[in-house]
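What the coordinates show
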Amino acid sequence: MIANLLKVQAKVIGIKALVGRALHFKKGGNIVRKKILIIGALSVLIIANFSGVLQNSYADDKKSVEAHIQLAGSYIKDNPELLSNSLDALASKSFNEKEIVVNVDLLPISIGEIEFREGLRNIAETGDADDKSVFNTLVEEKLIMSYAIKNNVLPSKSEINTFIESEKSLYKQDATVQKYVDAFCSSANMSFDEYWNTYEYYNAFRIVALKKAYDKAIEIGIEKGELKPLTDSELNSQINTAYQDYWKKIKTELKNKTSIAINKQYAGRDFTLDTSKLYL
């Protein structure tokens, strides 16, 4: 069963490494695209907790994958404004000053985004849903997005559409994927168009942006002579530890160098920058 396969993969190489390799989606076949879509369809994996969720969420098998999806869908149905707020953040729309918890490099983190992530983690029981954990995950994500902007690799609309079209194609071909997406849409009270254009767009933008930032960092590392270039077959056949370590170093440096000032309105919340580790 796919859920068990993903659980084993996550334990062996980690969800971040899986995404790091699998997102060569233009080159990959159905198996690679299937991994990506399942990750995208499982809202509790991408939105609720991008790092290490599989092994934490399903280790005790208390709930089926479908049950987690239904819980996440129900949460979105009950809190549609939080998804809308998170989409606005992706589009870099202006927020009321009271809504902004902090500005991280080029991008803001809104209170709506934090509540959206915390709510999904809580309802679907996937990972830490406390202020500090969610806040640091978002800080790291915004730093990577800012890195992508500065290096001119933020995904274009056509790239996002290409990614989503590959997901739609796989949805039509695979019964398991259909079951997961259908369960989510039913629980979220979403039409399929709404699913692809809002929720899945939110996932797709972030997945492609994070992967493009990773690729750019590796490219720069190779140009500087800090990394050895790998062939396509090497990239597709193994997780390269040197590349993963280099990307971790870049993210750590970005986080250590950042300086933030929390909106005084949220002084009572535990929005603390933790530079002792990476959350994403």
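Just so it is clear, the model here is predicted, and its values are computed rather than measured.

As for the overall build of the protein chain
The secondary structure content of the protein chain amounts to 14 helices and two strands. Looking at the 280 residues of the protein chain, the share that counts as buried comes to 52%. For the protein chain, long-range pairs separated by at least 24 residues make up 74% of all intrachain contacts whose partners lie at least 6 apart in sequence. Of the roughly 12800 Å² of accessible surface on the protein chain, 48% is carried by carbon and sulfur atoms.

Topic: the pattern of salt bridges
Evaluated as defined, the whole model comprises 12 salt bridges. Measuring nitrogen to oxygen at the nearest pair gives 2.9 Å for the salt bridge that ties glutamate 159 to lysine 212. Placement of glutamate 159 in helix α10 (residues 157-173) and of lysine 212 in helix α12 (residues 192-223) is noted, with a sequence separation of 53 residues between them. A salt bridge links lysine 216 to glutamate 219; its shortest N-O distance comes to 3.4 Å. Note that lysine 216 and glutamate 219 are positioned in helix α12 at a spacing of three residues, about one turn of the helix. By relative accessible area, which is 36% here, glutamate 219 ends up partly exposed. Among the charged side chains, a network of salt bridges with common partners joins Arg117, Glu141 and Arg206.

What about a nonpolar patch on the surface?
Side chains of Leu106, Ile149 and Leu154 sit close together on the surface and give an oily, nonpolar patch of about 220 Å² of accessible area. A relative accessible area of 34% means that leucine 154 is categorised as partly exposed.

Focus: the pairing of strand β2 (residues 107-110)
Of the two faces of β2, both are covered, the one formed by Leu107 and Ile109 as well as the one formed by Pro108 and Ser110. Two strands pair when backbone bridges link them, and strand β1 (residues 100-104) and β2 are joined in this way by four bridges, in the antiparallel orientation. Within β2, the residue paired with valine 102 across the bridge is isoleucine 109. Between β1 and β2, which pair antiparallel in sequence order, lie two residues; one of them, aspartate 105, sits at a positive phi of approximately 55°.

Details of the packing of aromatic side chains
Going through the model one piece at a time under the given rule, you end up with 12 aromatic pairs. Aromatic side chains tyrosine 201 and phenylalanine 205 sit 6.4 Å apart centroid to centroid with 35° between the ring planes, which places their arrangement in the tilted category. Taken together, the residues tyrosine 201 and phenylalanine 205, both in helix α12 and four residues apart, mark about one turn of the helix. Judged by relative accessible area, phenylalanine 205 falls into the buried class, the value being 8%.

Describing the environment of serine 259
The residue serine 259 is located in the segment after α14 (241-257) in this model. Put simply, serine 259 and leucine 273 are 14 residues apart on the chain and 9.2 Å apart in space, counted from C-alpha to C-alpha.

Regarding the nonpolar core
Counting 34 residues, the largest nonpolar core has Ile76, Leu83, Phe116, Phe184, Met190, Tyr195 and Tyr199 as the members making the most contacts within it. Mapped onto this core, the elements with two or more residues apiece are α6 (65-78), α7 (80-90), α8 (111-124), α10, α11 (175-188) and α12. Ranked by the residues each element gives to this core, the list is headed by α12, at nine residues. Counting residues in hydrophobic clusters, the runner-up holds 16 residues, among them Ala217, Leu227, Leu230 and Leu280.

Quick look at helix α9 (residues 131-150)
Its 20 residues place the ends of α9 28 Å apart at the C-alpha level, agreeing with the 28 Å of an ideal helix rising 1.5 Å per residue. With 17 of its 20 residues buried, α9 lies for the most part within the structure. Backbone geometry just after α9 places asparagine 152 at a positive phi near 55°.

Examining α10
Between its first and last C-alpha, α10 extends 25 Å over 17 residues, near the 24 Å set by a 1.5 Å rise per residue. Along α10, the residues that are buried comprise Ile160, Phe163, Ile164, Ser166, Glu167, Leu170 and Tyr171. The arc that holds the buried residues of α10, viewed along the axis, is 150°, so those residues lie on one side. Turned more than 90 degrees away from the buried face of α10 sit Lys157 and Lys172, all of them exposed.

Calculation notes
- Residues numbered from 1 in each chain as written.
- Predicted model: local features only at pLDDT ≥ 70, side-chain atom pairs only at ≥ 80, totals over all residues.
- Heavy atoms only, no water.
- Helix = DSSP H or I, 4+ residues; strand = E, 2+ residues; numbered from the N terminus.
- Buried < 20%, exposed > 50% of the residue type's maximum accessible area, 1.4 Å probe, protein only.
- Contact = heavy atoms within 4.5 Å.
- Areas by Shrake-Rupley, 256 points an atom, 1.4 Å probe, with all protein chains shown as cover.
- Salt bridge = Lys/Arg side-chain N within 4 Å of Asp/Glu carboxyl O.
- Patch = residues over 30% accessible without salt bridge, like charges linked within 9 Å, V, L, I, M, F, W, Y side chains within 5 Å.
- Pairing = 2+ DSSP bridges.
- Phe/Tyr/Trp six-rings, centres within 6.5 Å; stacked < 30°, edge-to-face > 60°.
- Core = buried A, V, L, I, M, F, W, Y, C linked by side-chain atoms within 4.5 Å.
- Expected span 1.5 Å × (residues − 1).
- Arc of directions from axis to C-beta.

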